[in-house]
Amino acid sequence: MDGHTENSTIRAVQWNGNKNLKLAHINVSDLPPLKEGQVRVAPAWCGICGSDIGEWAHGPIFSVSATTVGHEMSGIIRETHPSVTSQHPNLKPGTRVAVHPIVSDGTCHRCLAHYSGGCENFSIRGIMLDGGMQELLNVEADKCFPLPDHIPLDVAALVEPVSVAWQGVKAGFKSAGVERTDRVLVLGTGPIGIATLACLKARGVDLGNVMVVGRNKARNAKALELGVKHLYDSSVCDVAATARQLFDEYGAEIVFDAVATQSTFDDGIAALRRAGTYVMYGIFHEPVTFDANQIMMRSLKIVGTICYADEDYPEVIDAMADGRISMNELKKWITGRVPLENAEEGGLKELVKNKAKHMKILIRVNELE
Ligand SMILES: [Zn+2]
């Protein structure tokens with residue numbers, strides 16, 4: 001139990017300039033009152049994302065000072081605005097949820113098409129608005145997705161990064177215009193690369209046939225555990241030549257670039273067969289240059305996705321619930337669990353220092369499960 005009352009204080013880990021987080025104490029009575037359509041959640045676990053590390057180490061880029069960190073969150077609803085009872089009867093105090101961190105206007109052309117990640121007035125919790133590393137947090141009820149009892153709250157904090165991959169995989173297959181292909185190249189074996197493999201597997205792709213390129217030994221091992229057989233070390237592999245060799249001389253149908261650098265972009269484009277699709281869903285820290293004639297001459301497609309569509313969260317939760325995405329595998333991704341007050345030292349700094357050792361560090365915000 002978190003047991004916060006109106007008279008108590010809660011803690012929040014906030015952005016506080018370059019390489020600095022602040023542990024703030026907030027009176028519960030000073031929290032903004034619940035607005036129509038909102039619920040108050042006690043977050044249980046909140047994951048640290050590569051983008052959080054980028055903000056901390058190189059920022060502030062998008063983050064707003066004195067805003068609470070964390071967009072990969074799960075938790076339990078503590079309170080609901082009266083309007084929520086009729087609009088979302090499945091959300092009550094005690095409901096266990098994964099919280100979708102995008103706050104959208106709900107009215108633009110993309111929102112009306114149920115793609116809040118493409119909202120013209122997009123903002124994201126944990127960067128621009130208060131996020132999950134806060135012991136009590138008001139969030140929009142329509143961004144709370146109930147969890148079946150057998151999905152634990154720690155695994156539920158991984159719904160967010162898996163949804164990034166889920167959306168990327170859907171976009172790649174849609175662009176490629178194929179229901180099913182194993183002629184797939186995944187660049188990178190970090191959390192998003194590995195999540196992409198899990199989503200491909202859930203879609204029925206035979207991971208024994210796909211090609212994966214990664215650098216980090218421990219992370220590469222995760223790809224092998226999932227059933228990957230064609231795994232190559234990026235420092236020695238001629239990616240395009242290997243892709244041609246593997247995929248009937250023509251190369252890959254779809255490339256997922258979970259690294260997002262000039263060299264992975266070049267490799268990815270070169271490894272594609274004609275009319276193939278390159279999926280861009282990672283954050284590039286430098287501009288890339290390329291020969292645009294390659295895209296025209298070979299009829300290539302480049303598709304970009306940010307975050308996820310509204311339906312990706314419940315789709316990922318369903319895939320976890322019915323075993324298409326293995327919860328046992330997901331559990332193994334969690335390489336660190338750190339109490340809230342130690343989020344900076346034990347979480348962000350640890351990920352910078354010992355990157356090779358980790359897949360995902362979770363911050364324990366409230367002790368709930
Ligand atoms: Zn919108």
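Keep in mind that what you see is a predicted model, and the values were worked out from it rather than measured.

1. Examining the overall build of the protein
Working step 1: From N to C terminus, the protein includes 13 helices and 17 strands.
Working step 2: Principal axes of the C-alpha set define a box for the protein whose edges measure 70 × 45 × 35 Å.
Working step 3: Looking at the protein alone, contacts between residues at least 24 apart form 72% of all its contacts between residues at least 6 apart.

2. Quick look at the UniProt feature "domain: Enoyl reductase (ER)" (unreviewed entry) in the protein
Working step 1: Under the UniProt annotation, "domain: Enoyl reductase (ER)" (unreviewed entry) lies at residues 19-363.
Working step 2: Within residues 19-363, the helical portion is 33% and the strand portion 24%, while the C-alpha atoms at the span's ends are 18 Å from each other.

3. Digging into the domain arrangement of the protein
Working step 1: Annotation of the protein at the domain level lists domain 1 (9-146 + 326-364) and domain 2 (163-304).
Working step 2: Between domain 1 and domain 2, the residue contacts involve nine residues of the former and 10 residues of the latter.
Working step 3: Mapped onto the side of domain 1 that touches domain 2, the elements with two or more residues apiece are helix H1 (50-58) and helix H12 (327-333).
Working step 4: Element by element, the count of residues in the side of domain 1 that touches domain 2 is highest for H1, at three residues.
Working step 5: When its residues are assigned to classes, the side of domain 1 that touches domain 2 shows three nonpolar, three polar and three charged.

4. Overview of the packing of helix H8 (residues 239-246) against helix H9 (residues 262-271)
Working step 1: At a minimum axis distance of 8 Å, the contact between H8 and H9 shows a crossing angle of 30°. Comparing their axes, H9 and H8 come out roughly parallel. Here the hand of the crossing between H8 and H9 comes out right-handed. Residues Val239, Ala240 and Ala243 of H8 pack against Asp267, Ala270 and Ala271 of H9.

5. Some details on the nonpolar core
Working step 1: By size, the foremost hydrophobic cluster in this structure holds 108 residues, and its most contacted members are Val162, Ala252 and Val255.
Working step 2: Viewed by domain, this core spans two of them, domain 1 (9-146 + 326-364) and domain 2 (163-304), each represented by three or more residues.
Working step 3: Once residues within four sequence positions are removed from consideration, Ala252 is found in contact with Arg183, Val184, Leu185, Met211, Ala243, Phe247, Ala271, Leu272, Arg273 and Gly276.

6. Some thoughts on the packing of H1 against helix H13 (residues 343-353)
Angle between the axes and distance between the axes are the two parameters that describe a pair of packed helices.
Working step 1: Between H1 and H13, whose axes approach to 10 Å, the crossing angle comes to 90°. In this view, H1 runs roughly perpendicular relative to H13, as classed from their interaxial angle. Judged by residue contacts, Asp52, Ile53, Trp56 and Ala57 of H1 engage Leu348, Leu351 and Val352 from H13.
Working step 2: In terms of residue class, the contact of H1 with H13 is built from six nonpolar, no polar and one charged.

7. What to know about the pairing of strand S17 (residues 360-364)
Working step 1: In terms of burial, S17 is largely enclosed, as five of its five residues are buried.
Working step 2: Across the two faces of S17 the burial is the same, with Lys360, Leu362 and Arg364 and Ile361 and Ile363 all buried.
Working step 3: Pairing of strand S3 (residues 38-47) with S17 involves three bridges; the strand directions are antiparallel. Residue pairing for S17: Trp45 is matched across the bridge by Arg364.
Working step 4: One ladder, built from five bridges, connects strand S16 (residues 334-339) with S17; its direction is parallel. Counterpart to Gly336 in the pairing with S17 is Ile361.

8. Focus on the sheet that holds strand S15 (residues 301-304)
Working step 1: Pairing within the open sheet is parallel, and its six strands lie in the order S12-S11-S10-S13-S14-S15. With one partner strand each, in any of the chains shown, strand S12 (230-233) and S15 form the two edges of the open sheet. Ignoring strand direction, the axes of neighbouring strands in this sheet form an average angle of 20°.
Working step 2: Two elements, strand S13 (residues 252-257) and strand S14 (residues 272-280), share five bridges in a ladder whose sense is parallel. Of the residues in S14, the one forming a bridge with Val255 is Tyr278.
Working step 3: Each of strand S10 (184-187), S13 and S14 touches H9; the most contacted strand, S13, lies at about 170° to it.

9. Some words on helix H5 (residues 159-176)
Working step 1: Between its first and last C-alpha, H5 extends 25 Å over 18 residues, near the 26 Å set by a 1.5 Å rise per residue.
Working step 2: Extensive coverage of H5 is indicated by the burial of 15 of its 18 residues.
Working step 3: Positive phi appears at Gly177, one or two residues downstream of H5, with a value of about 70°.

About the thresholds
- Residues numbered from 1 in each chain as written.
- Predicted model: local features only at pLDDT ≥ 70, side-chain atom pairs only at ≥ 80, totals over all residues.
- Helix = DSSP H or I, 4+ residues; strand = E, 2+ residues; numbered from the N terminus.
- Contact = placed C-beta atoms within 7 Å.
- UniProt positions renumbered as here; feature names shortened; annotations may be inferred.
- Domains from an automatic or database assignment.
- Nonpolar A, V, L, I, M, F, W, Y, C, P; charged D, E, K, R; others polar.
- Axes fitted to C-alpha atoms, helices over the stretch in contact; angles between N-to-C directions.
- Parallel < 35°, antiparallel > 145°, perpendicular 65-115°, else oblique.
- Left-handed = near helix turned anticlockwise from the far one by under 90°.
- Core = buried A, V, L, I, M, F, W, Y, C linked by C-beta atoms within 7 Å.
- Buried ≥ 20, exposed ≤ 12 C-beta atoms within 10 Å, placed from the backbone.
- Pairing = 2+ DSSP bridges.
- Expected span 1.5 Å × (residues − 1).

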